[in-house]
Amino acid sequence: MSPVARLRGLKPDWLRDPRVWRTEVLGGLVVALALIPEAISFSIIAGVDPAIGLFASFTMAVVISVVGGRRAMISAATGAVALVIAPLNREHGLGYLIAAVILAGAFQIVLGALGVAKLLRFVPRSVMVGFVNSLAILVFMAQIKELRDVPWAVWPLLAAGFALLVFFPRVTTAVPAPLVSVAVLTAVTVAAGIAVPTVGDKGALPSTLPVPGLPDVPYTLDTLTLIAPYALAMALVGLMESLMTAKLVDEITDTRSSKTRESIGQGIANIVTGFFGGMGGCAMIGQTMINVKVSGARTRLSTFLSGVFLMVLCIVFGPVVSDIPMAALVAVMVMVCFAQFDWHSLAPRTLRRLPTGEIAVMVITVVCVVATHNLAVGVVCGSVTAMVIFARRVAHLADVTAVTDPDGTTVVYRVTGALFFASSNDLVGRFTYATDPGKIVIDLSAAHIWDASSVAALDAVEARYAQRGKTVEIIGLNEPSAALHEKLSGELTPG
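Residues numbered from 1 in each chain as written. Predicted model: local features only at pLDDT ≥ 70, side-chain atom pairs only at ≥ 80, totals over all residues. Heavy atoms only, no water.

### Some details on the pattern of salt bridges
1) Next: Summed over the entire model, instances satisfying the criterion amount to five salt bridges.
2) Next: The structure contains a network of salt bridges with shared partners spanning R70, D250 and K259. (Salt bridge = Lys/Arg side-chain N within 4 Å of Asp/Glu carboxyl O.)

### Considerations on the nonpolar core
1) Next: Counting 105 residues, the largest nonpolar core has I36, L54, F131, M279, I290 and L310 as the members making the most contacts within it.
2) Next: Discounting residues that sit within four places of it in the chain, I290 has contacts with V30, V31, A34, S295, V332, M333 and V336.
3) Next: A398, I442, Y465 and V472 belong to the second largest nonpolar core, which has 22 residues in total. (Core = buried A, V, L, I, M, F, W, Y, C linked by side-chain atoms within 4.5 Å. Buried < 20%, exposed > 50% of the residue type's maximum accessible area, 1.4 Å probe, protein only. Contact = heavy atoms within 4.5 Å.)

### Observations concerning the layout of surface pockets
1) Next: Of the volumes computed, that of the largest pocket is approximately 740 Å³.
2) Next: Together, 31 residues line the largest pocket, and E38, F42, G79, L138 and A142 are the ones closest to its centre.
3) Next: When contributions to the lining of the largest pocket are tallied by element, the ones reaching two or more residues are α3 (18–46), α5 (79–92), α7 (125–144), α12 (285–294) and α15 (326–340).
4) Next: At seven residues, α3 tops the list of elements feeding residues into the lining of the largest pocket.
5) Next: Here the residues of the lining of the largest pocket sort into 19 nonpolar, seven polar and five charged. (1 Å grid on protein atoms, 1.4 Å probe; cavity = no way out; pocket = protein on both sides within 12 Å on 5 of 7 lines; lining within 4 Å. Points joined across faces, edges and corners; volume = space filled by probe spheres on them. Helix = DSSP H or I, 4+ residues; strand = E, 2+ residues; numbered from the N terminus. Nonpolar A, V, L, I, M, F, W, Y, C, P; charged D, E, K, R; others polar.)

### Comments concerning helix α4 (residues 50–67)
1) Next: Between its first and last C-alpha, α4 extends 26 Å over 18 residues, near the 26 Å set by a 1.5 Å rise per residue.
2) Next: Of all 18 residues making up α4, 16 are buried, and the element is well covered by its neighbours. (Expected span 1.5 Å × (residues − 1).)

### Points about the side chain of K259
1) Next: Here K259 lies in helix α11 (residues 259–275).
2) Next: Given the relative accessible area of 15%, K259 is considered buried.
3) Next: A polar contact is formed between the side chain of K259 and the side chain of D250, at a distance of 2.4 Å.
4) Next: The residues contacting K259, other than those within four sequence positions of it, are A117, L120, L243, A246, K247 and D250. (Polar contact = N/O pair within 3.5 Å; in protein donor to acceptor, adjacent residues only side chain to side chain.)

### Looking at the sheet that holds strand β3 (residues 399–404)
1) Next: Read across the open sheet, the four strands follow the order β3-β4-β5-β6; overall the sheet is mixed. Sheet topology places β3 and β6 (471–475) at the edges, where each strand pairs with a single neighbour. In this sheet, adjacent strand axes meet at a mean angle of 20° when their direction is disregarded.
2) Next: Where helix α20 (residues 452–467) meets the sheet, it contacts β4 (410–419), β5 (439–449) and β6, and its direction lies at approximately 175° from that of β5.
3) Next: Across the sheet, helix α21 (residues 479–488) touches β5 and β6, and the angle it forms with β5 is around 120°. (Pairing = 2+ DSSP bridges. Axes fitted to C-alpha atoms, helices over the stretch in contact; angles between N-to-C directions.)

### Some words on the pairing of β6
1) Next: The pairing of β5 with β6 spans five bridges and is parallel. Bridged to D443 within β6 is I475.

### Observations regarding the pairing of β5
1) Next: Among the eleven residues that make up β5, eight are buried, leaving the element largely enclosed by the rest of the structure.
2) Next: The pairing of β4 with β5 spans nine bridges and is classified as parallel. Bridge pairing in β5 places R414 opposite D443.
3) Next: In this view, the connection linking β5 to its parallel neighbour β6 by way of α20 has right-handed handedness. (Right-handed = clockwise from strand over helix to strand, strands pointing away.)

### Description of the packing of aromatic side chains
1) Next: Tallying each qualifying case throughout the model produces seven aromatic pairs.
2) Next: Aromatic pair F431 and Y433: ring centres 6.2 Å apart, planes at 40°, arrangement tilted.
3) Next: Classification of Y433 by relative accessible area gives buried; the value is 7%.
4) Next: With a centroid separation of 4.8 Å and an interplanar angle of 55°, the aromatic rings of Y433 and Y465 are classed as tilted. Here Y433, found in the loop between α19 (421–424) and β5, pairs with Y465, found in helix α20; they are 32 residues apart in sequence, far enough to count as distant.
5) Next: Note on Y465: relative accessible area 0%, which makes it buried.
6) Next: Three or more aromatic residues joined by ring pairs make a cluster, and in this case those are Y413, F431, Y433 and Y465. (Phe/Tyr/Trp six-rings, centres within 6.5 Å; stacked < 30°, edge-to-face > 60°.)

So far we have only geometry, and geometry alone does not tell us how the molecule works.
Below, the structure is given as structure tokens:
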């Protein structure tokens, strides 16, 4: 391959193909429009000026587009982070909030380097489905708030927005339907002088770029002790939401991403955001779906431009953006919710075939997320429930059968299945100590010892037989089981 050909191969897709470039640019613009009211709303939740949320969305998007592990995923100020840090800002002020954001970023870098992303493999599919459905429900519920006590003109605008979003793609996909919908509805409301809630009603847009600086707090151990719990909570919630969103995008695009790089990237982005006076953030499922599913974006360019366009729209086109009717953005987000929800998971045919435990895990995940508005709570509750169900199911797979030799001097117990804390609890009661002959053989060739509880149970069996003057021989251990048994046997009870 020639040097020129090699250089061409190093070019990103959006430089090699003008069609990709157009898709990424338009995708970034649509996301930027959707980010503005969201960032302002989250700023209100956190109790800070709207500019703080908008600055956070700008810096998070721009930085994560370079250091993140998942291409085309959108990171910005989020409601989950706002809920975590709101009490700190309310009780101690903005300086402590900014310091907590920077510390949270440091925590995320450490957790990422320690391999916390690998824990994602323990999240079962039923939890993932519940996560996706609950996010769609939360985003939809957030839109309902925008439709309460509104002028009647909002409803025709909303219907027109739905119509454009559904039918315009049948005409052409060269321009994203959300962008067309927002532009048309804004033009209509401005030209006709229709008085409806607009983006400007959410709060004033910033007129200058953010400038770097240090948080205004005492640099003491007391400050660190105060902000550390909030920072750790923010780090964990942000990582969980970001990694789950990255996994979802992986499935949608049929590509892989580096979850470790994403974890560290989220930390770097939050540190930068803190030094620029932002409220921090993480991946945003709604805006990511707009970028990936609706706009078809696939590269880092769309993520980068979403942040750049956000500031350009606020600073240069602030008056125009302020006139965008909220009905146009609500229509876009509702359509995203509809497309994001896994309707197949609720189909009667699917529910009939799924095990009851899988359905329970999915429902628990959704209920916990919707009830608490905290994705981390739902994912943890769903995963713990799945683990309990799995443990109960596997515990019943362990079995013990006995065969006595014809001469009546030896009995062979054949143990099958996985031996761990749940299944080994019943192991001790599966032997007939009083009536067995003098020699007992326990055949574990069809079993596996997983933990200390199983070794302790085997020790208890041997001890009960020894009290009756009978000998026990354990055979058939595979190599890992034999190593664990040899290491722990006789060491788990006081001598």
